[in-house]
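A closer look at the structure
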Amino acid sequence: YQRRVHGRFLKKKMSGTEGNQEMKTVSRLDVSSNAATVTDPIQWEVLNYPPFMNIVHFSLEELKGKVKRFALLAHLSFFIVVIVVHVNLLATVVQVCKQYSEPVEIAYTLLNFFLFLPASLYVFLMGYQAVCQRPAVDKLILQYRIYQRVLCILWIPFS
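In this report, we go over the structure that sits alongside the text. The structure displayed is predicted, hence computed values, not measured ones.

1. Let's talk about the overall build of the protein
Across its full length, the protein holds three helices and two strands. Start at the N end of the protein and walk to the C end: the helices and strands fall as β-β-α-α-α. For the protein, buried positions account for 33% of its 159 residues. Here the contacts in the protein between residues at least 6 apart in sequence split such that 53% fall between residues at least 24 apart. Approximately 11000 Å² of the protein is accessible, and the part contributed by carbon and sulfur atoms is 62%.

2. As for the layout of surface pockets
When its volume is computed, the second largest pocket comes out at roughly 240 Å³. Around the second largest pocket, the lining residues are Tyr49, Pro50, Pro51, Met53, His75, Phe78, Phe79, Val82, His86, Leu117, Pro118 and Leu121. Where the lining of the second largest pocket is concerned, the elements lending two or more residues are helix H1 (65-97) and helix H2 (104-132). Considering every element that reaches the lining of the second largest pocket, the biggest residue donor is H1, with five residues.

3. Overview of the side chain of Ser101
When you line up the elements, Ser101 lands in the loop between H1 and H2. Sequence-distant contacts of Ser101, defined by excluding residues within four places in its chain, comprise Gln95 and Val96.

4. A word on the nonpolar core
Of all hydrophobic cores here, the largest spans 29 residues; its most connected members are Tyr49, Leu63, Phe124 and Tyr128. Listing elements by their share of this core, those giving two or more residues are H1, H2 and helix H3 (138-158). Counting residues per element, this core draws most heavily on H2, at 11 residues. Filtering out sequence-adjacent residues up to four positions away, Tyr49 remains in contact with Asn54, Ile55, Val56, Phe58, His75, Phe78, Leu121 and Phe124.

5. Let's talk about a nonpolar patch on the surface
Residues Tyr122, Leu142, Ile146, Tyr147, Val150, Leu154 and Phe158 make up a contiguous nonpolar surface patch of roughly 670 Å² in combined accessible area. Owing to a relative accessible area of 43%, Ile146 belongs among the partly exposed residues under this scheme.

How each quantity is defined
Counting of residues starts from 1 at the beginning of each chain's written sequence and follows it residue by residue. Whole-chain, interface and lining totals are the exception, using all residues; otherwise, since this is a predicted model, local features are given only for residues with pLDDT of at least 70 and side-chain atom pairs are given and counted only at 80 or more. The basis for every side-chain value is the complete set of non-hydrogen atoms in the structure, without hydrogens or water. Numbering of helices and strands starts at the N terminus; helices are DSSP runs of H or I of at least 4 residues and strands are runs of E of at least 2. Relative accessibility under 20% of the residue-type maximum defines a buried residue, over 50% an exposed one, and the middle range a partly exposed one, all with a 1.4 Å probe and only protein chains included. Whether two residues are in contact is decided by their heavy atoms: any pair within 4.5 Å suffices. Note on areas: these come from Shrake-Rupley sampling with a 1.4 Å probe, and a residue is covered only by the protein chains present in the view. Only protein atoms enter the calculation, which uses a 1 Å grid: trapped sets of points that fit a 1.4 Å probe without letting it out are cavities, open sets showing protein on both sides within 12 Å along at least five of seven lines are pockets, and any residue with an atom within 4 Å of a point is a lining residue. Grid points are joined across faces, edges and corners, and a volume is the space filled by probe spheres set on the points. Side-chain atoms within 4.5 Å are what join buried Ala, Val, Leu, Ile, Met, Phe, Trp, Tyr and Cys residues into a set we call a nonpolar core. What makes a patch is a set of residues exposed beyond 30% relative accessible area and free of salt bridges, joined within 9 Å when like-charged and within 5 Å when nonpolar (Val, Leu, Ile, Met, Phe, Trp, Tyr). For this document, the term salt bridge refers to a Lys or Arg side-chain nitrogen within 4 Å of an Asp or Glu carboxyl oxygen.

Structural data, given as structure tokens:
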């Protein structure tokens, strides 16, 4: 069988009766086996996201159709926040070094950095896990959309 770990496929030869058995996965989520939009099984035990931290499992390759599109857009919104807070931090440091801004601006930027990155990661993962648990999770998808809007509204005064 093949198993994807940290972006690589590991191959293992099976002999005898092992070859007829499917690879078992430990599911931390209640993924329904009849969901047409999620390929079975999702290997939740393979922690591969965010890069270099490996806190949770994330793979667009395991999804299809509208679920994949939703997960891709949720990931894109998180990625935009990551880029913006990093650029903001760099720009603030440059402005303070050139004496265009006060040094306290770095503290405000770091506060945004450490508040918005974890919050946006949490909201992204909530949405990702909600679409992977379909069909009985419309409440979780609604929560994701509400939290995403709250983050957008909070971003304006804190930026």
